[in-house]
Amino acid sequence: MTTTAETSMTGAEIVELCRKHTFFEWSAQSAVDPIPMARAKGVYFWTPEGKRFIDFNSQLMCVNIGHGDERVIRAIAKQASTLAYANPFMATEARARLGAKLAEIAPGDIDVFFFTNGGADANENAIKVARAYTGRHKILARYRSYHGGTAGAIALTGDPRRWAVEPGMPGVIHVLDPYHGMARGWDTADEALAMLEEIIQLEGAHTIAAFFLETVTGTNGILVPPDGYLQGVRDLCTKHGILMVCDEVMSGFGRTGEWFAVNHWNVVPDIITMAKGLTSAYIPLGAVGMRQPIADHFRDKVFYGGLTYNSHPLGCATALATLGVLEEDDLINNAKRMGRVMTTLLEELAATHPVVGAHRNIGLFGIVELTKDPKTKEPLAPFGGTSEPMKQLGRIFREEGLYTFTRWHNFFTNPPLSINEAELREGFGIIDRALTQLEQI
Ligand SMILES: Cc1ncc(COP(=O)(O)O)c(C=O)c1O
């Protein structure tokens, strides 16, 4: 088999060696069947043999600016050649500029940032900040959520990825979301808030440090909260002295058509956690952003948290360049514009294919839920599991050159924010053909 210039190994050789000597996450190792990836540009990537895929999931909902942006690559090279690493007690220009830039774009008085390696450890450190600041220990989180794979973050996580590591960190209380699946649908904001306040009362407000929530839930269903819900959560948290912690690891940096998803509802959380789009994943970096009064608490009290790669200069320089690209190319407004096109395309899919049971998107953050039966809305795969039709759909997408996440009975539509209308229509054309094939099986 011949390969293009980017790799000296064939796709099959790469896959074989990766499977032999490396572990793949969240999987039984014999079940993984990775796509060998050699290079990527814009909204596309290629295998060593030159098969092209349109990336409809921005890899892991993280390559927000698109692949291979030369401006970011130059910034990484420049930082690497001048100062590749400085320990966390040093002050660097990249760290200084990034802190100031994030203070400018983050909501309200979220002006101070602690830099981490990624999203999970941003949430770990947010737990520490919240407990130290409030002097309380319990944390509320929602069932339909993912907050990361490390000990504290997986304890906050409500979805089945938590089950294998239980019992986890004590003090985490899970609450129901306003969404209950295709058949039962949505609570109103008032119903969801009444349930939340009842739990706060039953747990004892004075024992609760924080409520962690994904502003718009990601892998658990692109759940866009009903209007009034986030404002209500803000009010309840304020009333009871509980910190509102918005996890914007996936929903931040333009994904929803705003810098941060909270901006859609003009809500300022006490703490915001971020990663992924912060650097568009060119280099790992996460952050915990906190409101000024919380940061002030640590002026004369020790912050008990640390990481060798805290404020890594390469990460900070990459983030600065990425934020520059988001601004220079007007990508957040593009996400808003293309999000409207996506809504129309999703509606067209739903009108043509009875297998589409529900669909949602906000900006370029989209999902399709598939059903066995349009009347009962029974999902096409069981909760937390898969099914032959879902596996079949994954195979068709792969054959047709569309990369996206198929999970349970869902698939996602989360392309890079740099996508244009023709590319978006190209991806939806593949989806349309794939659903037609699925319905014929
Ligand atoms: C909402 C959310 N929070 C936290 C994380 C964990 O981030 P990381 O994988 O960078 O640790 C993720 C990852 O998918 C996420 O989607």
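Read on for a plain summary of the structure. (Residues numbered from 1 in each chain as written. Predicted model: local features only at pLDDT ≥ 70, side-chain atom pairs only at ≥ 80, totals over all residues. Heavy atoms only, no water.)

**Notes on the sheet that holds strand S6 (residues 172-175)**
Right, so step 1: Spatial strand order, S4-S10-S9-S8-S7-S5-S6: 7 strands in an open sheet with mixed pairing. Edge strands, defined here as strands with exactly one partner in the open sheet, are strand S4 (110-116) and S6. Each adjacent strand pair in this sheet contributes to an overall mean axis angle of 20°, direction not counted.
Right, so step 2: Direction of pairing for strand S9 (residues 271-274) relative to strand S10 (residues 286-291): antiparallel, over a ladder of 4 bridges. Bridge pairing in S10 links Ile271 to Met290. (Pairing = 2+ DSSP bridges. Helix = DSSP H or I, 4+ residues; strand = E, 2+ residues; numbered from the N terminus. Axes fitted to C-alpha atoms, helices over the stretch in contact; angles between N-to-C directions.)

**Digging into the packing of aromatic side chains**
Right, so step 1: Applying the stated criterion across every chain yields a total of 13 aromatic pairs.
Right, so step 2: With a centroid separation of 6.1 Å and 85° between ring planes, the pair formed by Trp26 and Tyr146 is classed as edge-to-face. Remark: Tyr146 occurs in the loop between strand S5 (138-142) and helix H6 (151-156) and Trp26 occurs in the loop between helix H1 (11-21) and strand S1 (39-41); sequence separation between them is 120 residues.
Right, so step 3: Ring plane angle 65° and centroid distance 5.1 Å describe the contact between Phe253 and Phe260, whose orientation is recorded as edge-to-face. Each member of the pair, Phe253 as well as Phe260, is classed as buried.
Right, so step 4: The structure contains a cluster of three or more aromatic residues connected by ring pairs, namely Phe45, Phe53 and Tyr403. (Phe/Tyr/Trp six-rings, centres within 6.5 Å; stacked < 30°, edge-to-face > 60°. Buried < 20%, exposed > 50% of the residue type's maximum accessible area, 1.4 Å probe, protein only.)

**Here's the deal with the pairing of strand S7 (residues 208-214)**
Right, so step 1: Burial within S7 is extensive, with 7 of its 7 residues counted as buried.
Right, so step 2: Here S5 runs beside S7; their pairing, made up of 3 bridges, is parallel. In the strand pairing of S7, Lys138 is matched with Ile208.
Right, so step 3: Crossover connection from S7 via helix H9 (residues 229-240) to parallel strand S8 (residues 243-247): handedness right-handed. (Right-handed = clockwise from strand over helix to strand, strands pointing away.)

**What to know about the pattern of salt bridges**
Right, so step 1: If you walk through the whole model with that rule in mind, you get 27 salt bridges.
Right, so step 2: Linking Glu203 and Lys138 is a salt bridge whose minimum nitrogen-to-oxygen distance equals 2.9 Å. Of this pair, Glu203 sits in helix H8 (residues 189-203) while Lys138 is found in strand S5, placing the two residues 65 residues apart along the sequence.
Right, so step 3: Glu203 sits in the partly exposed class, given a relative accessible area of 25%.
Right, so step 4: Arg360 serves as the salt-bridge partner of Glu369, at 2.8 Å between the closest nitrogen and oxygen.
Right, so step 5: On the accessibility criterion, Glu369 (5% relative accessible area) is buried.
Right, so step 6: Bridged by salt links that share partners, the residues Asp69, Arg71, Glu328 and Asp329 form one connected network. (Salt bridge = Lys/Arg side-chain N within 4 Å of Asp/Glu carboxyl O.)

In short, the description is geometric, and any link to function would need to be established separately.
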